[in-house]
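So the chains spell out like this:
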Amino acid sequence: MINQNNLNVMSFNASKELEAEVDELISHYPVKRAASLMVLHAIQEKFGWISQDAILWAARKLELPPINLFEILTFYPMLRQQPMGRYQLKVCRTLSCALGGAYGLHRHLCDRLGLDAHAHGPQTTKDGRFTVEFVECLASCGTAPVMMCNDHFHEGVTLEKADAITSACK
Amino acid sequence: MAQEYKLILKHADAPGYGRDLDSYLHHGGYQTLGKALHMPARDLPDGKKMTAQEQIREEVKISGLRGRGGAGFSCGLKWSFVDRKSGKPIYLICNADESEPGTFKDRQIMYKDPHQLIEGMAIACFANDVHLAYIYIRGEMVDGARILNEALREARARNFIGRNILGSGYDLEIHVHRGAGAYICGEETGLIESLEGKRPYPRIKPPYFPAVLGLWMCPTIVNNVETLCNVKHIVAMGGNEFARLGTPNNTGTRIVSLSGHVRKPGYYEIEVGKATMRELIFDPQFGGGLRDGRTLKAVIPGGSSAKVFKAGEKFKLKKKDAEGRETLVETDMLDLPYDFDSLAAAGSMSGSSAIIVMDDSTDIVEALANISEFYAHESCGQCTPCREGSLWMSKTLHRLTHGEGRAGDADYLLKIADNIPGGRTICAFGEACSWPVQSFVAKFKDEFVAKGKTDEERRAGQGNELAKAPAEAAAHH
């Protein structure tokens, strides 16, 4: 995985703001390692995903062997190991939403965006605009079905509402 | 007749109530923290003094408060386990990783009344000599993390947290820590590992009881969002007064999350045990009943891990008569009071107080397949019985719902489910993934068997020998 060529940390271009944000996050914990997840969140927020170079940069900031960050990157579903669409649609598939029509909603979104409703995992449209995926319970079961569009949360998503959400994504 | 009782959600949905600090202060916010911080030591008959901290911990014990996250463990008792003599710092973590399917109560508090949580936390921290605390919020609640950070900034600016809070000499810092989409982080030792920057693999108990060896191997308290809010009200009204709410051993209020096939899904705060399942599902002020022409099929009473109830199921519950004698009374599932003890006596649990209602349009096999897929996805993979078992159950249910079922699948599912829990796994996830399978299959066995049989017969009709059930194929040899 890691060869001599991509050990070059300089190829990750962290801005001054990111560096400052990461330093601030690290200051929240008496042990640097505890900031790992928050630091990876901060990187993903800026770049949309977490590259190997980003991991090496973060590992240096946190004074950790890179494996410590790779092992959490590969565990948590929200952390991305490759670029995703500009708009990420996460449809809740768990029971209450399923009873409320989540599968129909997911199928509708996939059909509309030319994706396969039966494929596993996140799928991205060819133009890189959308990523659609099923996720587990989003903790809003009383307003099923629910979905997220990037950071924004949408409740009681009818097919019409879903169309309006995707249409607003330019 | 049962009715809502709004203690925690008193202001959250009131018209004009904002989540900003001014709104909270306008409604008496942070007065209880002030009271707690300046509580004088109490003289005891033996000449000793009881500190403010000890008095608060005592009130919480008297209140009978039980954890609102899922296990329903006594909060006062949990606090009493904290090792206060180790010389190490004591930490407190608010478990805001609300992820149990069906549950959406903590979201209401954090998004609409974040300062109530911060005040409750600050009091709980003061009472336990904590100077550094974290709110572990699930990663998907992006706005929730922003709201809490903004509220913390406001509270810091007015010295409700920070150094020398309100001139008391007490210091406390609280930070928000975000998860990243893993259900297992709700398990308290998994949460601690996650906060330390590791994979959230739960720790084995003993020896890793958080109260002794928690965050960074220091004594640590992990409490749910709603539990911490209750602490504020206990200090405000006194433990005895709080204990008058609800029913004996099931004190205070609970926010019930109601979802699925009801007309009015939503969150309803009730005095614990003062409403029955029937009232919560059918009463117009709560769920408002089922959709037209539908009948009840099943109810999951406490989040998806809780064992399911079948409509019409009856239980023999102990009840005291007028003279205080205990008798066994046959009780319909719907007439169970919604509390910790009654649901436990009926073989299930109130868990995270999330009711999922399923009417007769529900394919019960599909419903279980959905739940099992969740657990197969969320098992952390540390213990073999859970990692493999949750996946086997999910795969078996997948074939049953995709025309590839076998008549023996029902028994096969039970066999797997019976071999995961009971001390074979490090944490209670083993139980959580098995209970739905055990209860769904046992209570709706005919539907599971019929589905498998239909599939087998269809395949036999197509002359597909290979697809026959293994037992049947073996009989031909």
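Residues numbered from 1 in each chain as written. Chains lettered and ligands numbered in written order. Predicted model: local features only at pLDDT ≥ 70, side-chain atom pairs only at ≥ 80, totals over all residues. Heavy atoms only, no water.

### Examining the overall build of chain A
Here is step 1 of the chain: Secondary structure summary: chain A contains seven helices and five strands in total.
Here is step 2 of the chain: Counted from the first residue to the last, chain A has its helices and strands arranged as α-α-α-α-β-α-α-β-β-β-β-α.
Here is step 3 of the chain: Across its three principal directions, the C-alpha atoms of chain A cover 50 × 35 × 25 Å.
Here is step 4 of the chain: The buried share of chain A, taken over its 170 residues, is 51%. (Helix = DSSP H or I, 4+ residues; strand = E, 2+ residues; numbered from the N terminus. Buried < 20%, exposed > 50% of the residue type's maximum accessible area, 1.4 Å probe, protein only.)

### Looking at the confidence of the model for chain A
In regions of low pLDDT, the predicted coordinates are not meant to be interpreted in detail.
Residues and elements named next belong to chain A.
Here is step 1 of the chain: In the predicted model, chain A carries a mean pLDDT of 93, and the fraction of residues at 70 or more is 94%.
Here is step 2 of the chain: Confidence scores differ between elements of chain A, with strand E5 (residues 152-154) showing the lowest mean pLDDT of 95 and helix H4 (residues 66-73) the highest of 98.
Here is step 3 of the chain: In the model, residues 1-9 has pLDDT below 50 throughout and makes 14 contacts with residues more than four positions away in sequence or in other chains. (pLDDT = per-residue confidence, 0-100. Contact = heavy atoms within 4.5 Å.)

### A closer look at the domain arrangement of chain B
All names here are of chain B.
Here is step 1 of the chain: Along its sequence, chain B is organised into domain 1 (21-244), domain 2 (249-359) and domain 3 (364-475).
Here is step 2 of the chain: The distance between the C-alpha centroids of domain 1 and domain 2 comes to 28 Å.
Here is step 3 of the chain: With 24 residues of domain 1 at the contact, the number on the domain 2 side is 24 residues.
Here is step 4 of the chain: For the pairing of domain 1 and domain 2, the buried interface totals around 1700 Å² over both sides, and the portion due to carbon and sulfur atoms is 49%.
Here is step 5 of the chain: On the domain 1 side of the contact with domain 2, Arg66, Arg68 and Phe104 bury the most area, a combined 31% of that side's loss.
Here is step 6 of the chain: In this assembly, domain 1 and domain 2 are joined by one salt bridge.
Here is step 7 of the chain: Mapped onto the side of domain 1 that touches domain 2, the elements with two or more residues apiece are helix H5 (105-112), helix H9 (225-237) and helix H10 (239-244).
Here is step 8 of the chain: Here the side of domain 1 that touches domain 2 takes four residues from H5, the largest share from any one element. (Domains from an automatic or database assignment. Buried area = accessible area lost by both parts, 1.4 Å probe. Salt bridge = Lys/Arg side-chain N within 4 Å of Asp/Glu carboxyl O.)

### Considering unusual backbone geometry
Here is step 1 of the chain: Between Ala144 of chain A and Pro145 of chain A the backbone carries a cis peptide bond, its omega angle lying at -10 degrees.
Here is step 2 of the chain: Position of Pro145 of chain A relative to the elements: it lies in the loop between strand E3 (130-135) and strand E4 (147-149).
Here is step 3 of the chain: Between Lys205 of chain B and the following residue, Pro206 of chain B, the backbone shows a cis peptide bond with an omega angle of -10 degrees.
Here is step 4 of the chain: Residues other than glycine seldom take positive phi values, yet Ala139 of chain A does so here, at roughly 60 degrees.
Here is step 5 of the chain: The exposure class assigned to Ala139 of chain A is buried, which follows from its relative accessible area of 0%.
Here is step 6 of the chain: You will see that Met217 of chain B, though not glycine, has its phi angle at about 60 degrees, which is positive.
Here is step 7 of the chain: With respect to the helices and strands, Met217 of chain B occurs in the loop between helix H8 (188-195) and strand E6 (220-224).

### Details of the interface of chain A and chain B
Here is step 1 of the chain: Across the contact, 36 residues belong to chain A and 57 residues belong to chain B.
Here is step 2 of the chain: In this assembly, chain A packs against chain B so that about 3700 Å² is buried in total across both faces, 60% of it on carbon and sulfur atoms.
Here is step 3 of the chain: The largest contributions to the chain A side of the interface with chain B come from Phe75, Leu95 and Leu99 of chain A, which together make up 17% of the buried area.
Here is step 4 of the chain: The shortest N-O distance in the salt bridge between Arg93 of chain A and Glu373 of chain B comes to 3.4 Å.
Here is step 5 of the chain: Counting across the interface, chain A meets chain B through 18 residue pairs in polar contact (both at pLDDT 80 or more).
Here is step 6 of the chain: At the level of secondary structure, the elements contributing two or more residues to the side of chain A that touches chain B comprise helix H2 (36-47), H4 and helix H5 (95-99) of chain A.
Here is step 7 of the chain: Among the elements that take part in the side of chain A that touches chain B, H2 of chain A stands out by supplying five residues, more than any other.
Here is step 8 of the chain: A class-by-class count of the residues in the side of chain A that touches chain B yields 22 nonpolar, eight polar and six charged. (Polar contact = N/O pair within 3.5 Å; in protein donor to acceptor, adjacent residues only side chain to side chain. Nonpolar A, V, L, I, M, F, W, Y, C, P; charged D, E, K, R; others polar.)

### Thoughts on a nonpolar patch on the surface
Here is step 1 of the chain: Among the surface-exposed residues, Phe73, Leu77 and Phe81 of chain B lie close enough to one another that they form a single nonpolar patch of about 280 Å² accessible area.
Here is step 2 of the chain: Tracing the backbone through its elements, the reader meets Phe73 of chain B in the loop between helix H3 (52-63) and helix H4 (75-80). (Patch = residues over 30% accessible without salt bridge, like charges linked within 9 Å, V, L, I, M, F, W, Y side chains within 5 Å. Areas by Shrake-Rupley, 256 points an atom, 1.4 Å probe, with all protein chains shown as cover.)

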